[in-house]
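A structural walkthrough
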Amino acid sequence: MTWEEMLPLLWPATVETGLMVGWATLFTLLLGLPLGVALVAFDRDGLRPLPALKSALGFVVNVGRSLPFIVLMIAIIPFTRLVVGTTIGTAAFVVPLTVGAVPFFARLVETALREVGSDVVQAAQAMGASRTAIVRKVLLPEALPGLVAGLTVTVVALIGYSAMAGTLGGGGLGDLAVRYGYQRFETLLMIVTVVLLLVIVQLLQSLGDWVARRLSHK
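Just so you know, these numbers come straight off a predicted model, no measurement behind them.

1. Brief notes about the pattern of salt bridges
Throughout the structure, instances matching the rule amount to four salt bridges. Its salt-bridge partner being Asp-43, residue Arg-114 comes within 3.0 Å of it at the nearest N-O pair. Placement of Arg-114 in helix α5 (residues 90-114) and of Asp-43 in the loop between α1 (3-41) and α2 (51-66) is noted, with a sequence separation of 71 residues between them. By relative accessible area, Arg-114 is classed as partly exposed at 39%. What makes Asp-43 buried here is its relative accessible area of 18%.

2. Let's talk about the environment of Leu-39
Tracing the chain through its elements places Leu-39 in helix α1. A sequence separation of 19 residues divides Leu-39 from Gly-58, and the C-alpha atoms of the two residues are 7.0 Å apart. Not counting residues within four places of it along the chain, the set of residues in contact with Leu-39 comprises Lys-54, Leu-57, Gly-58, Val-61, Ala-106, Arg-107, Glu-110 and Arg-114.

3. Focus: a nonpolar patch on the surface
Together, Phe-59, Val-60, Val-63, Leu-67, Ile-70, Val-71, Ile-74, Ile-77, Met-164 and Leu-168 give the surface a local cluster of nonpolar side chains, amounting to about 810 Å² of exposed area. Within the secondary structure layout, Ile-70 lies in helix α3 (residues 69-75). Judged by relative accessible area, which is 39%, Ile-70 ranks as partly exposed.

4. Quick word on the UniProt feature "transmembrane region" (unreviewed entry) in the chain
Per the UniProt record, the feature "transmembrane region" (unreviewed entry) sits at residues 20-43, 55-77, 83-106, 146-168 and 188-212. Annotation note: span residues 83-106, helix share 79%, strand share 0%, distance between end C-alpha atoms 22 Å. Here residues 188-212 is 100% helix and 0% strand, with 36 Å between the C-alpha atoms at its ends.

5. Description of the nonpolar core
Judged by nonpolar contacts, the single largest core of 25 residues is most densely connected at Leu-10, Phe-93, Leu-97, Leu-158, Leu-173, Leu-176 and Leu-189. When residues of this core are traced back to their parent elements, those giving at least two are α1, α3, α5, α8 (144-165), α9 (172-182) and α10 (187-215). With six residues, α1 is the largest single contributor of residues to this core.

6. Describing the packing of aromatic side chains
By the definition in use, this model includes two aromatic pairs. Judged by centre distance (5.9 Å) and plane angle (25°), the ring pair of Trp-23 and Phe-27 falls under stacked. With a gap of four residues between them, Trp-23 and Phe-27 both fall in helix α1, about one helical turn apart. With a centroid separation of 4.5 Å and 10° between ring planes, the pair formed by Phe-69 and Tyr-161 is classed as stacked. Here Phe-69, found in helix α3, pairs with Tyr-161, found in helix α8; they are 92 residues apart in sequence, far enough to count as distant.

Rules used throughout
- Residues numbered from 1 in each chain as written.
- Predicted model: local features only at pLDDT ≥ 70, side-chain atom pairs only at ≥ 80, totals over all residues.
- Heavy atoms only, no water.
- Salt bridge = Lys/Arg side-chain N within 4 Å of Asp/Glu carboxyl O.
- Helix = DSSP H or I, 4+ residues; strand = E, 2+ residues; numbered from the N terminus.
- Buried < 20%, exposed > 50% of the residue type's maximum accessible area, 1.4 Å probe, protein only.
- Contact = heavy atoms within 4.5 Å.
- Patch = residues over 30% accessible without salt bridge, like charges linked within 9 Å, V, L, I, M, F, W, Y side chains within 5 Å.
- Areas by Shrake-Rupley, 256 points an atom, 1.4 Å probe, with all protein chains shown as cover.
- UniProt positions renumbered as here; feature names shortened; annotations may be inferred.
- Core = buried A, V, L, I, M, F, W, Y, C linked by side-chain atoms within 4.5 Å.
- Phe/Tyr/Trp six-rings, centres within 6.5 Å; stacked < 30°, edge-to-face > 60°.

As structure tokens, this is what we get:
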């Protein structure tokens, strides 16, 4: 296969991967951030101690993190069909990507928030700040570098998940590598696809690290 033949295949596959990862990242941020905040706030020494609810949420998060992604994709096929109306294509695989990434990101959010000094929170409480204000104006801003770093790790993981989604008809670079590189023995296309994924991951990781450093107070 020549470069002229590969380029028309690589560009649409890259766009599909970008769409899958982009939408999944957005939904993961919208769902995972509040979940991570809840894991901290509902702890015994949190802003709103609800140990039973915290334990239940922690159990759900642990179950979600323990399932291999390819098993998760298959297990939630009925849910994917319910939400999207199909189980094949880029849009359909945003659902399992999000379901797989939310517990992972929530734990990273929890870790970042726990690194905020308790004295900062206590000072805000002493000034009469509400729980919502403490979360919005103290915890999240102070933990922002860690949150950005956690989001970067999650996006990189989503790129890997999206490649696996290609094995089940999810489209993107993973699908291209399977259909052409593996099934049709197009070794050069397989190598190019792998290199392209590596470049994308390196660029995103470098960007995330740079933003986290700029946001850091250290």
